[in-house]
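Residue-level structural notes
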Amino acid sequence: MATSQQLKALLRSHIEGDDAQFYSIAMQLAAHEAKQGHSQLAAEIRDLIDQAKRNRYKKELAIVPLVKPKGELSELLVASYPKQRLSDIILPPDIEKRLNRLINEHKQVHKLRSYNLSPRKKILLVGPPGTGKTLTASVLAGELGLPLFVVRLDSLMTKFMGETASKLRLIFDAVQQVRGIYLFDEFDSIGSHRGLSNDVGEIRRVLNSFLLMLEGEQSDSIIVAATNYVDLLDHALFRRFDDVIEYHLPTEEEIIFTLKNKLTNIPKGRINWKALAETANKLSFSEISQACDDAIKHILINDKSKISQADIINSLEDRIISTHYTSSR
């Protein structure tokens, strides 16, 4: 017979929706019964497991994502179902390690909860534009098979006293009811320091409301806040987050890795990667990737058999000009 621990683990995995763990424990039960000489029972358990897997697979094929914000929430949240994986994004090893830790904590949440522990669920991403903060939210959704809900700050922030806080409550109610990744991009518009000279009373009330809601949030969703301007954030915010991850512009080594990775399948002439890295200095991962795409499009349109160093440099320099123009506006 199954042990009490096995029965509890079986029920816990079912309640938490952890199919892989449920099947694993069920197979352990089948193996245990086989050892006891109950071969018929063991075979029946294995057949039921196989049938459950087949039924699950059929349902997954038939499922069309239907989780969409409705009513007033449809103006506050934009839903999507990203397919990106961690391998699709180029990140420094330390950031990749921390994101892997977060993903694994949620994939093995049943183990943590057996010791009254919880996975990280409130994440603050800080750093310059184009370093991968927003894409990180998509990767978390893709890795965990969850919908991504992007908060529309243009609809959230209003000039009417109390209205923004009420809308914020709607969002946190959704966080509680529908498990997903909830992204507050350009978070500094909510979390600005309460002592700023241009601050107004409504913004202070919104920040106080956000702090209270964030601190009381106990759902299985993941809240991701991202900002380019960490210095503007109120200090009280940082201790409310489980993890603060700082993104940065790529180093020379990371630039070369990004360039080689983007151009790996493209025929190339003689390339001085160090010289390219010097040209790309101060560009973000995103801008370097865009420059590579521009260079590839250039050789395709002009029927060139190989991409040259000059092609890549020209594209990088175009990006530098574009970045300088955008940042000076």
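Check the entry above for the structure.
What this report covers is the structure whose coordinates are included nearby. (Residues numbered from 1 in each chain as written. Predicted model: local features only at pLDDT ≥ 70, side-chain atom pairs only at ≥ 80, totals over all residues. Heavy atoms only, no water.)

1. Considerations on the overall build of the protein
In plain terms, the rule: Counting from the N terminus, the helices are the DSSP runs of H or I reaching at least four residues and the strands are the DSSP runs of E reaching at least two. The contact criterion used throughout is that any non-hydrogen atoms of two residues lie within 4.5 Å. Residue exposure ignores everything except the shown protein chains as possible cover, and the areas themselves are Shrake-Rupley values with a 1.4 Å probe.
Looking only at helices and strands, the protein has 15 helices and six strands in total. Across the protein, every contact between residues at least 6 apart in sequence was considered, and the portion connecting residues at least 24 apart equals 76%. Here the protein has roughly 18800 Å² of accessible surface; of this, 53% comes from carbon and sulfur atoms.

2. What about helix α1 (residues 4-15)?
Rules: Helix span, expected: 1.5 Å multiplied by one less than the number of residues in the helix. We call a residue buried when its accessible area falls under 20% of the maximum for its residue type, exposed when it is over 50%, and partly exposed in between, using a 1.4 Å probe and counting protein chains only. Directions pointing from the helix axis toward each C-beta atom define the arc.
When the terminal C-alpha atoms of α1 are compared, their 17 Å separation across twelve residues agrees well with the 16 Å that a helix rising 1.5 Å per residue should span. Looking at α1, one finds that the buried residues are Q6, L10 and S13. Burial along α1 is one-sided: seen end-on, the buried residues are contained in an arc of 70°. Exposed residues lying more than 90 degrees from the buried face of α1 are S4, Q5, L11 and I15.

3. Side note on the pattern of salt bridges
Heads up, the condition is: We define a salt bridge as a contact between a side-chain nitrogen of Lys or Arg and a carboxyl oxygen of Asp or Glu at a distance within 4 Å.
In the structure shown here, the tally under the stated rule is 13 salt bridges. The salt bridge partner of E105 is R120, with a shortest N-O separation of 2.3 Å. Of the two residues, E105 is situated in helix α4 (residues 93-107) and R120 in the loop between α5 (109-113) and β2 (122-126); the sequence distance between them amounts to 15 residues. Two residues, D311 and K304, come together in a salt bridge whose shortest N-O distance is 2.9 Å. Given a relative accessible area of 7%, D311 falls into the buried group. Note on K304: relative accessible area 34%, which makes it partly exposed. Each of the salt bridges in this network shares a partner with another, and the network as a whole consists of R98, R101, E105, R120 and D243.

4. Overview of the side chain of S289
Relative to the helices and strands, S289 is located in helix α14 (residues 285-301). Residue contacts for S289: discarding those within four places in its chain leaves T258 and K262.

5. Thoughts on the sheet that holds β2
To keep it simple, the criterion reads: Any two strands between which DSSP finds at least two bridges are classified as paired. For helices, the fitted axis covers only the stretch in contact; all axes are lines through C-alpha atoms, and the angles between them, taken along N-to-C directions, range from 0 to 180 degrees.
The mixed open sheet is built from six strands, whose spatial order is β1-β3-β4-β5-β2-β6. Edge positions in the open sheet fall to β1 (77-80) and β6 (243-246), since each of these has one partner strand only. Strand after strand, the sheet turns through a mean of 20° between neighbouring axes, direction not considered. Both strand β3 (residues 148-151) and strand β4 (residues 181-184) contribute to a ladder of three bridges, which runs parallel. Note on β4: the bridge partner recorded for V150 is L183. Along the sheet, α4 makes contact with β2, β5 (222-227) and β6, crossing β6 at roughly 150°. Contacting β2, β3, β4 and β5, helix α6 (residues 133-144) crosses the sheet at an angle of about 175° to β4.

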